[in-house]
Amino acid sequence: MPSIVCSAQASYKKLPGLLELTDTHLQWTKTGDQSPVVKFPYAEAAALSRSKAGAEQVRLKIGLVSNEAGHNFTFTSPQAVALAERDKFEAELTTIIARNRAPPPQAQFPAVATSKARQVATPAPVTNGSAAGTPMRPPAPHARPSQSRAVSVASESRASDTPVGDSPTTDFRLRKKVLVSTPELAQLHRELVMGGHITENEFWEGREHLLLAQAAAESQKRGKPGQLVDPRPQSVDGEVKIIITPQLVHDIFEEFPVVAKAYSENVPEKLSEAEFWSRYFQSRLFNAHRASIRSSAAQHVVKDDPILDKYLEKDDDDIEPRRLREERVDTFIDLGATSVDHEETGNERDITMQAGKQRAVLPLIRKFNEHSTRLLDTALGGPSVKRRRLENGEERYAQLDLEDLHDNQSSAGIILDMKDRQRYFDGRANGAEQGDPEGPRVAFREALQQAKASTTGWSANLAQLRIEKKAGDAALISMTQNVQSRLDVKQRKHDIPEALFRQMTTCQTAANEFLRQFWLAIYPPANEFQQLSVATPAQKTAKALKMIAYLSKTHEKVEALVAEAQREQVDPNRIRVAMKPILDAVDKALSFWQFKNADKAPGVR
């Protein structure tokens, strides 16, 4: 019998039941039935989504390989319990789906194996008999088998369109979200990747930071609201009511433990749940918990309650607060830690800042302070976790470990590709041999006398100094004209036809991408730890040669745009001026490639 990993009460199609995750499959059984209504193995799990944070219903949707619509489950426990149960299922299913998306294991073929042998499918190994009778997940239609088993996994990832690994930079879901949120990038992806010019992995090289930023944004969890729990009455069908939700009940119990104590001691023995909340919102206990200064007029509106009045506490308006801080103040922010060092000097104490001058506001201030303390404890994992970090010294060392005090990280840098490098070093060596080994001699006494003589009468010379204003005025006029011309260009609408302008934009973005791919193949990336895969020198050379072939056609494309502009009765010089920056960049890349390969060409000296 399979073991149960986790289970929870959940409804499916508005029917109550039990959702269970075993070590082999997921199943849902209707209440009162013996056999599960929904049951599928791990291999069928393909996608996962959840309801938004703060939603009234806690839901989890699971997409299947054979059924994209999948199944929707609603957790029916109290919201705090339901959220914990959903997080448990989500964590387990996320691991399962990531394992399903990983590439299937491949058999080790010899290097001289025929192409027919390499196309034979290798079945996945069966574990604990769970996969028996279950069809394997079909491979992606665009995946290509590796042509050699001697290359590394990173090289296989570059050669194919299928990313390898569980890194956020290889997650198709993150890539899709980035493309959806950036229409310009999506358009470029359609033109280059779907057009077959570059592969999927090549397109995302150098854009790993976009995927990492998207993954970081999704990993952030919504924290606890910062506002105090203060239920407000609403008008419903002409009646003033307070709408009670499970989340509101949870917040009241967490903010005011005395209400949770009153609820557990009186419901349902003495009061029903509806009667308890009706009496609470009309009691002095609720009025004491309001997030406002209580007036004497409000105390006459509330009613005496023999049950709830027993839980009233005395107003916390003494000089010392009722609840003192359990943990001591951090040394780095304790203003009184060094007060004994400044008794004779320093600022005098401000006698006007006394905590008990207006006793009516003290309870409200301390209520805000306690609420802020709970928020910080929730964000930091609780006071016990923070205290444990301080005892271990990790937090203190992190505050003292400043990044500016660290040495710059050593980098291999970029090798300088010089022509006639040996002649350069020979020239420096000859110059060093011909010079005086002891270096030039300086007469320090004579140099000092000359320095003193040069400073004689400096004040009179300074008074006679007159700076010409022509250079400054010319610079200011030039900058003003530059700004004015930029503003005119920005405000003036171009009269280029929309179709021609779209072709110009497409040509420029495509050339920019080819240039980016070319320089990525020539120079090492800025952040090597964020690379999708590490390319071999042969792969970099092949990629650069491929990009050069595309870039060499840029001039033809621009001339075609010029011809199109003439047919549209548009000044062709405007097209040439607009495309000149990209043509200059392309020419630089072409000349660099030609110079780099000049020594390798036969017959060239």
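Residues numbered from 1 in each chain as written. Predicted model: local features only at pLDDT ≥ 70, side-chain atom pairs only at ≥ 80, totals over all residues. Heavy atoms only, no water.

## Concerning the packing of helix α4 (residues 172-181) against helix α7 (residues 208-219)
The N-to-C vectors of α4 and α7 enclose an angle of 100°; their axes lie 9 Å apart at closest approach. Comparing their axes, α7 and α4 come out roughly perpendicular. Residues R173, L174, R175, K177 and V178 of α4 pack against L210, L211, Q214, A215 and E218 of α7. The residue inventory of the contact of α4 with α7, partitioned by class, reads five nonpolar, one polar and four charged. (Axes fitted to C-alpha atoms, helices over the stretch in contact; angles between N-to-C directions. Helix = DSSP H or I, 4+ residues; strand = E, 2+ residues; numbered from the N terminus. Parallel < 35°, antiparallel > 145°, perpendicular 65-115°, else oblique. Contact = heavy atoms within 4.5 Å. Nonpolar A, V, L, I, M, F, W, Y, C, P; charged D, E, K, R; others polar.)

## Remarks on the packing of aromatic side chains
Under the defined criterion, the tally for this structure stands at 21 aromatic pairs. Measuring from centroid to centroid gives 6.0 Å for F518 and W593, while their planes differ by 75°, and the two rings are edge-to-face. One end of the pair, F518, is in helix α20 (residues 498-522); the other, W593, is in helix α23 (residues 572-596), and 75 residues separate them in sequence. Assigned by exposure class, F518 and W593 land together as buried. (Phe/Tyr/Trp six-rings, centres within 6.5 Å; stacked < 30°, edge-to-face > 60°. Buried < 20%, exposed > 50% of the residue type's maximum accessible area, 1.4 Å probe, protein only.)

## Structural notes on helix α9 (residues 257-266)
Buried within α9 we find V258, V259, A262 and N266. Down the axis of α9, the buried side of the element spans an arc of 100°, and every buried residue falls inside it. If you follow the buried residues of α9, they end up packed against α8 (246-255), α10 (273-280) and α11 (284-288). (Arc of directions from axis to C-beta.)

## Quick look at a nonpolar patch on the surface
A surface patch of nonpolar side chains, about 390 Å² in accessible area, is lined by V329, F332, I333 and L400. Inspection of the secondary structure assignment puts L400 in helix α15 (residues 394-400). (Patch = residues over 30% accessible without salt bridge, like charges linked within 9 Å, V, L, I, M, F, W, Y side chains within 5 Å. Areas by Shrake-Rupley, 256 points an atom, 1.4 Å probe, with all protein chains shown as cover. Salt bridge = Lys/Arg side-chain N within 4 Å of Asp/Glu carboxyl O.)

## Quick notes on unusual backbone geometry
Residue P268 is bonded to the preceding V267 through a cis peptide linkage, with omega at 0°. Secondary-structure assignment places P268 in the loop between α9 and α10. Positive phi values are uncommon outside glycine, yet K13 reaches one of about 60°. You can see K13 is positioned in the loop between β1 (4-12) and β2 (15-22). Using a relative accessible area of 66% as the deciding quantity, one classes K13 as exposed.

## Observations concerning the nonpolar core
In this structure, F203, F514, F518, L551, I575 and M579 are the most contacted members of the largest nonpolar core, which totals 41 residues. Of all elements in the fold, only α4, α5 (183-192), α6 (200-204), α7, α20, α21 (537-551), α22 (554-567) and α23 reach the threshold of two or more residues within this core. Of all the elements, α20 adds the most residues to this core, at ten residues. Shared between two domains, this core takes at least three residues from each, and those domains are domain 2 (147-219) and domain 3 (498-604). With sequence-adjacent residues up to four places away left out, F203 is seen in contact with L179, L185, L188, H189, V193, I198, E513, R516 and Q517. (Core = buried A, V, L, I, M, F, W, Y, C linked by side-chain atoms within 4.5 Å. Domains from an automatic or database assignment.)

## Re the pairing of β2
Side-chain direction in a regular strand flips from residue to residue, so the side chains alternate between the two faces of the sheet. Judged from the eight bridges that link them, β1 and β2 form a sheet pairing that is antiparallel. The residue bridging Q9 from the neighbouring strand is L18, located in β2. The turn joining β1 and β2, which pair antiparallel and follow one another in sequence, is formed by two residues; a positive phi near 60° is taken by K13. Here five bridges tie β2 to strand β3 (residues 25-30), and the two strands are oriented antiparallel to one another. Residue pairing for β3: L19 is matched across the bridge by W28. Between β2 and the antiparallel strand that follows it, β3, lie two residues. (Pairing = 2+ DSSP bridges.)

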